[in-house]
Amino acid sequence: MPFVAPLVTRSSTSLADARQRAIHLYRRWQKNVPQIMKNVPQIMVDYHLCMPQSVVRSKIREHFEKNRYVSDARTIDVLLAKGQMEFDETLNVWKQYSHVLRYFDANEADAQPTKFLDKFNEGRA
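Residues numbered from 1 in each chain as written. Predicted model: local features only at pLDDT ≥ 70, side-chain atom pairs only at ≥ 80, totals over all residues. Heavy atoms only, no water.

A look at the overall build of the protein chain
Link 1 in the chain: Secondary structure summary: the protein chain contains six helices and zero strands in total.
Link 2 in the chain: Seen in sequence order, the protein chain has helices and strands lined up from the N terminus as α-α-α-α-α-α.
Link 3 in the chain: When each of the 125 residues of the protein chain is scored for burial, the buried share is 24%.
Link 4 in the chain: A sequence separation of at least 24 residues applies to 61% of the contacts in the protein chain between residues at least 6 apart.
Link 5 in the chain: Taken as a whole, the protein chain presents about 9700 Å² of accessible surface, with 57% of it coming from carbon and sulfur. (Helix = DSSP H or I, 4+ residues; strand = E, 2+ residues; numbered from the N terminus. Buried < 20%, exposed > 50% of the residue type's maximum accessible area, 1.4 Å probe, protein only. Contact = heavy atoms within 4.5 Å. Areas by Shrake-Rupley, 256 points an atom, 1.4 Å probe, with all protein chains shown as cover.)

What about helix α4 (residues 73-91)?
Link 1 in the chain: With 19 residues, α4 should reach 27 Å at 1.5 Å per residue; the first-to-last C-alpha distance of 27 Å fits that figure.
Link 2 in the chain: Taken together, the buried positions of α4 are Ile76, Asp77, Leu80, Ala81, Gly83, Phe87, Thr90 and Leu91.
Link 3 in the chain: Contacts from the buried residues of α4 go to α1 (15-31) and α2 (33-37).
Link 4 in the chain: Directly after α4, the chain includes valine 93, whose backbone phi takes a positive value near 60 degrees. (Expected span 1.5 Å × (residues − 1).)

Comments concerning the environment of histidine 48
Link 1 in the chain: For histidine 48, the location among the structural elements is in the loop between α2 and α3 (53-66).
Link 2 in the chain: Along the primary structure histidine 48 and glutamine 35 are separated by 13 residues, whereas in three dimensions their C-alpha atoms are 9.6 Å apart.

What to know about the nonpolar core
Link 1 in the chain: The biggest cluster of nonpolar side chains holds 16 residues, and the ones touching the most others in it are Trp29, Leu49 and Val56.
Link 2 in the chain: Broken down by secondary-structure element, the contributors of at least two residues to this core are α1, α2, α3, α4 and α5 (97-105).
Link 3 in the chain: A total of four residues in this core trace back to one element, the largest contributor, which is α4.
Link 4 in the chain: Not counting residues up to four positions away in its chain, the partners in contact with tryptophan 29 are Ile36, Ile60, Phe64, Gly83, Glu86, Phe87 and Thr90. (Core = buried A, V, L, I, M, F, W, Y, C linked by side-chain atoms within 4.5 Å.)

Focus: the UniProt feature "domain: Complex 1 LYR protein" (unreviewed entry) in the protein chain
Link 1 in the chain: When the UniProt feature table is mapped onto this chain numbering, "domain: Complex 1 LYR protein" (unreviewed entry) sits at residues 56-89.
Link 2 in the chain: Taken end to end, residues 56-89 comprises 82% helix and 0% strand; its first and last C-alpha atoms sit 16 Å apart. (UniProt positions renumbered as here; feature names shortened; annotations may be inferred.)

Concerning the packing of α1 against α3
Link 1 in the chain: Here α1 crosses α3 at 160 degrees, and the two axes come no closer than 10 Å. Comparing their axes, α3 and α1 come out roughly antiparallel. Pair α1 / α3 crosses with right-handed handedness. On the side of α1, the interface is formed by Ala22, Leu25, Tyr26, Trp29 and Gln30, while α3 contributes Arg57, Ile60, Arg61 and Phe64.
Link 2 in the chain: Each residue belonging to the contact of α1 with α3 can be placed in one class, and the counts come to six nonpolar, one polar and two charged. (Axes fitted to C-alpha atoms, helices over the stretch in contact; angles between N-to-C directions. Parallel < 35°, antiparallel > 145°, perpendicular 65-115°, else oblique. Left-handed = near helix turned anticlockwise from the far one by under 90°. Nonpolar A, V, L, I, M, F, W, Y, C, P; charged D, E, K, R; others polar.)

Below you can see the structure in the form of structure tokens.
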């Protein structure tokens, strides 16, 4: 039986390399927003999101900005691998419509009370 090397995600050689890879992934996401939003025959994408492209683009930016100040190269590599997986799953329509909409519903929810008295008044304590 021949030896098969395990698949390993690419490691960044430096923080500058990781930053370049993150910028490249961000640009790929932004470039493919029109294909994610409507039916494009070449890749057969059909999410048909009922929102303007600017909202989708700002949500993508928000997800990248959330990890902007990560400075550990290994952590950045893991985040890049996860971002690439999300990109592939979205572009290949491996996600359901509800999975894509879940990104937009996260910030729409009302803020939950954190103090005991607020929870008590709501009946959750």
